[in-house]
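Residues per chain are reported as follows:
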Amino acid sequence: MLWAWNMFLAAAPYFASRLAGDAWASANFQSAILTVSTITNLGAILVLTNIQRAASYPFRIILALLINSFVFALLTSSTAVFLGAGPRAYLAFLLAMVACTSCATGLLQNGAFAFAASFGRPEYMQALMAGQGVAGVLPAVAQVVTVLLFPPEHESSPSSGSAREGESSAFLYFLAAVVISVTAVIALIPLVRRHHRIVETRIAEHMAESMTSIEDAERAARKVTPLWHLFRKLRWLALGVALTFAVTMFFPVFTAKIRSVQEDSGLLFRPAAFIPLAFFFWNLGDLGGRMATMLPFSLKRRPLVLFLLAAARTAQISLYFLCNIGGRGAVVPSDFFYLFIVQVLFGLTNGWLGSSFMMASGEWVDEGEREATGGFMGLFLVIGLTTGSLLSFTVSEI
């Protein structure tokens, strides 16, 4: 679900080298990626959320994975062909790929959240959120490893890097995404079969003679729920998850611009590896926060308190201004402070709050509303991402 999102973020140094000939593209491509991604995702989610009765959630998941496989294959090819394309042409291609994967992400978010919520088991939603955390950690690890194995021929700043810089590492990085997507499609097949058997068992005694398939029976049992009805029940949880991810959208812009304070100490501390390393630490904290929701301590019965914690989290953004933005020097000249205090803690609060909001939502609705609730909360999550990505332009020139 989030592999494409995190892949585009962690590959920032490679994209910067391809866009180095255009000052505006170099400064704003990260915010442009975030904006195109979240707006497209939001549009897809809005359409899908309003199609409840006829929804086939397994089909949506499979279609999304196939789209991602195709897009990642094109990105892999782009590291070997059309290398002479200008920065604006490459940016247009990149944003088109982002838009396609965002449609796929919308299908996945709507399908997977509804699929998990239909079981009425909070730990299934927790597992889904934890999986998103894993999808944040692994692309960053893949990018760091490929850069270390195939270092750029000429280490330079994003503003002066060559278009051919890092092609080998980018090829392997994008190819890994193809493998992940195809593997996910194969892994989903037995899961869908098992889901059909479970649903068949649940409703066999209630199936009408006119129903000729398991999908017909499942749709007949599904309750179509107006979004306003869900908002009245889940307002603090919905607004809280939106606020959490809106604040989170500032971190990719800062992360792509902050440099190590010991850049001359080795390849790992140069931008090509240090930037994805910083994404890794943020996502490591995010994964830890998602896993922390398994602990006995929980605020899922106190949604207003969760919302207030999400609001207080806004103060964490100020910590980025203490770091080495653009290599101009840091108020706190420490990579440990940046990676472990700023990145890990910001990711930790995102993971814990985001998962807490999503898991708590099933506690406040009727059993027949759970599928719709999964899609509804996914909608507000994407609203938060879209709002945050648009606001991120305010710091894109720092």
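What this report covers is the structure whose coordinates are included nearby. Source: prediction; values computed, not measured.

### Side note on the packing of helix α3 (residues 23–49) against helix α14 (residues 370–391)
At their nearest, the axes of α3 and α14 sit 8 Å apart, and the two run at 155 degrees to each other. In terms of orientation, α3 and α14 fall into the roughly antiparallel class. In the packing of α3 onto α14, the handedness of the crossing is left-handed. Contacts between α3 and α14 involve L34, T35, T38, I39, N41, L42, I45, L46 and T49 from the former and G375, G378, L379, V382, I383, L385, T386, S389 and L390 from the latter. Grouping the amino acids of the contact of α3 with α14 by side-chain chemistry returns 10 nonpolar, 8 polar and no charged.

### Comments concerning the packing of aromatic side chains
Under the defined criterion, the tally for this structure stands at 20 aromatic pairs. For the pair Y90 and F93, a centre-to-centre distance of 6.0 Å together with 45 degrees between the ring planes defines the contact as tilted. One end of the pair, Y90, and the other, F93, are both in helix α5 (residues 87–117), 3 residues apart, so they sit about a helical turn from each other. Assessed through its relative accessible area of 3%, Y90 is described here as buried. A relative accessible area of 24% means that F93 is categorised as partly exposed. In textbook terms, an aromatic cluster arises when at least three aromatic residues are bridged by ring pairs, as seen for F8, Y14, F15, Y90, F93, Y173 and F174. A cation sits over an aromatic face here: R18 above Y90, 4.1 Å from the ring centre.

### Here we look at helix α9 (residues 227–248)
Its 22 residues place the ends of α9 only 25 Å apart at the C-alpha level, less than the 32 Å of an ideal helix rising 1.5 Å per residue. The sharpest bend along α9 reaches about 90 degrees and sits at L234.

### A few points about a nonpolar patch on the surface
On the surface, V141, V145, L149, F150, F171, L172, L175 and V179 cluster together into a nonpolar patch covering about 630 Å² of accessible area. Of all the elements in the fold, those that place two or more residues in the nonpolar patch are α6 (122–149) and α7 (167–203). Ranked by residues supplied to the nonpolar patch, first place goes to α7 with 4 residues. On the secondary structure map, F150 appears in the loop between α6 and α7. A relative accessible area of 36% places F150 in the partly exposed class.

Cut-offs applied
Residues numbered from 1 in each chain as written. Predicted model: local features only at pLDDT ≥ 70, side-chain atom pairs only at ≥ 80, totals over all residues. Heavy atoms only, no water. Axes fitted to C-alpha atoms, helices over the stretch in contact; angles between N-to-C directions. Helix = DSSP H or I, 4+ residues; strand = E, 2+ residues; numbered from the N terminus. Parallel < 35°, antiparallel > 145°, perpendicular 65-115°, else oblique. Left-handed = near helix turned anticlockwise from the far one by under 90°. Contact = heavy atoms within 4.5 Å. Nonpolar A, V, L, I, M, F, W, Y, C, P; charged D, E, K, R; others polar. Phe/Tyr/Trp six-rings, centres within 6.5 Å; stacked < 30°, edge-to-face > 60°. Buried < 20%, exposed > 50% of the residue type's maximum accessible area, 1.4 Å probe, protein only. Lys NZ or Arg CZ within 6 Å of the ring centre and 35° of its normal. Expected span 1.5 Å × (residues − 1). Bend = angle between axes of the 7 residues up to and from the residue. Patch = residues over 30% accessible without salt bridge, like charges linked within 9 Å, V, L, I, M, F, W, Y side chains within 5 Å. Areas by Shrake-Rupley, 256 points an atom, 1.4 Å probe, with all protein chains shown as cover. Salt bridge = Lys/Arg side-chain N within 4 Å of Asp/Glu carboxyl O.

Geometric descriptors of this kind do not, in isolation, establish any biological role.
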